[in-house]
Amino acid sequence: MTEPFADGAILLSVDADVATVTLNRPDKRNALTQAMWRALPGVMTRVEQDRAAKVTVLTGAAGTFAAGADIAEFETVYATRDSAAAYAVEIAAAMEAVAHLSKPTIAAIPGACVGGGLGLALCCDLRIASDRAKLGITPGKLGLMYSLGDTRRLVEAVGPSAAKDILYTGRILTADQALAVRLIDAACPAETLADAVAEKASAIASASQWSARRTKAVVRRILDGQVQDDDATRDWFLDSLEGEDFREGRDAFLQKRTPVFPYR
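What you see as residue numbers is a count from 1 along each chain, following the sequence as written. Local features in a predicted model are, by the rule used here, given only for residues with pLDDT of at least 70; side-chain atom pairs are given and counted only at 80 or more, and totals for whole chains, interfaces and linings are based on all residues. Side-chain descriptors were evaluated using all non-hydrogen atoms of the structure, hydrogens and water having been removed beforehand.

1. Remarks on the overall build of the protein chain
A run of H or I in DSSP becomes a helix once it reaches four residues, and a run of E becomes a strand once it reaches two; helices and strands are each numbered from the N terminus. Secondary structure assignment for the protein chain yields 11 helices and 10 strands. Its C-alpha radius of gyration of 19 Å places the protein chain within 12% of the 18 Å reference for a compact globule of 264 residues. Its C-alpha atoms give the protein chain principal-axis dimensions of roughly 60 × 40 × 35 Å. Each of the 264 residues in the protein chain was classed as buried or not, and the buried ones make up 44%. The criterion used for residue contact is that any of the two residues' heavy atoms lie within 4.5 Å. Here the contacts in the protein chain between residues at least 6 apart in sequence split such that 66% fall between residues at least 24 apart. Only the protein chains shown count as covering a residue, and every accessible area follows the Shrake-Rupley method with a 1.4 Å probe. Counting only carbon and sulfur atoms, one obtains 56% of the accessible surface of the protein chain, whose full area is about 13400 Å². Only the C-alpha atoms count toward the radius of gyration. The rule for a globule is 2.2 Å times the residue count to the power 0.38. Note on classification: 1.4 Å probe, protein chains only; a residue is buried when its accessible area is under 20% of the maximum for its type, exposed when over 50%, partly exposed between these limits.

This is the structure we're talking about:
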């Protein structure tokens, strides 16, 4: 079953362990409208609450990821300082909703992934692109500034020097160039992208989701500057030793069988 959001501009479907969120404005290269930005937090809430979904794939329809924010709306959303501030808050809320989903996320990038589209992809844990993908962030070509949150995610992915190069020049990178600077995690022929993403999603889904979600939370704390355990992280570790997934993993190892982890 597919659930539409923003009048069908975003589609959500859940198949077995995988939720797929599809940006669906193929006639506009999936450019993100204000309505889509507003809808994304609700989409992520639905994914968070769906116990069937272990892994989330974010992608775009018709061979494109997203061409960025819809420039056709700029005259309206940037009409005044107040409207621009409100629009920026909505975009930030959408980005944060994707970035803070507790479940592992994969951006499947079939083609153009530019501006706000790449910003969304950077909110995902992993990025897998086809060899036809083109990636870039172009505020420098529009006289705009990239937000701090979006810039931070870019720096976390590629480092400060590469991030400055990408933002200063606004250049468009091929999949190979993006892979070389770690903007993406893998590249593959376009015809095998779906299989590559499905294989990665299956590998993640078959492992312990307790481990995956706590790992994601710990990595976030490290990136936010935490350098030592605190009460919360110590409790997570001790909780894992008492958890049903650890019991299943331990028993499966001793019995020389594949574990079937119960935590969802």
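2. Thoughts on the nonpolar core
Definition used in this section: a nonpolar core is a set of buried Ala, Val, Leu, Ile, Met, Phe, Trp, Tyr and Cys residues joined via side-chain atoms within 4.5 Å. By size, the foremost hydrophobic cluster in this structure holds 55 residues, and its most contacted members are Trp37, Phe65, Ile109, Leu120 and Leu183. Not counting residues up to four positions away in its chain, the partners in contact with Leu120 are Leu23, Leu32, Trp37, Leu40, Leu58, Phe65, Met95 and Val98.

3. Concerning the pairing of strand E5 (residues 105-109)
Most of E5 sits out of view: five of its five residues are buried. Of the two faces of E5, both are covered, the one formed by Thr105, Ala107 and Ile109 as well as the one formed by Ile106 and Ala108. Across three bridges, strand E4 (residues 55-60) lies against E5 in parallel orientation. Directly across from Val57, in E5, lies its bridge partner Ile106. Strands were regarded as paired on the criterion that DSSP finds at least two bridges between them. Taken together, the four bridges between E5 and strand E7 (residues 126-130) define a ladder with parallel strand orientation. Note that in E7 the partner of Ile106 across the bridge is Leu126.

4. As for the sheet that holds strand E6 (residues 112-114)
Strand order in this open sheet of three strands is E6-E8-E9, and the pairing throughout is mixed. In this open sheet, the two strands that pair with only one neighbour each are E6 and strand E9 (173-174). Pairing analysis gives three bridges linking E6 to strand E8 (residues 134-136), with the strands arranged parallel. Paired with Ala112 across the two strands is Lys134, which belongs to E8.

5. Considering the packing of helix H5 (residues 148-158) against helix H6 (residues 160-169)
Look at H5 against H6: their axes get within 7 Å of each other, and the N-to-C directions meet at 125 degrees. Judged on the interaxial angle alone, H6 and H5 are oblique. Crossing of H5 over H6 shows right-handed handedness. Residues Thr151, Leu154, Val155 and Val158 of H5 form the contact with H6, whose own contacting residues are Pro160, Ala162, Ala163, Ile166 and Leu167. The class makeup of the residues in the contact of H5 with H6 is eight nonpolar, one polar and no charged. Whenever a helix is involved, its axis is fitted only over the stretch in contact; in every case the axis is a line through C-alpha atoms, and angles between N-to-C directions fall within 0 to 180 degrees. Each angle receives one of four descriptions, namely roughly parallel if under 35 degrees, roughly antiparallel if over 145, roughly perpendicular if within 65 to 115, and oblique otherwise. Two helices that cross are described as forming a left-handed crossing if the nearer one is turned anticlockwise from the farther one by less than a right angle, and a right-handed crossing if clockwise. In this classification, the charged set is Asp, Glu, Lys and Arg, the nonpolar set is Ala, Val, Leu, Ile, Met, Phe, Trp, Tyr, Cys and Pro, and all remaining amino acids, among them Gly, are polar.

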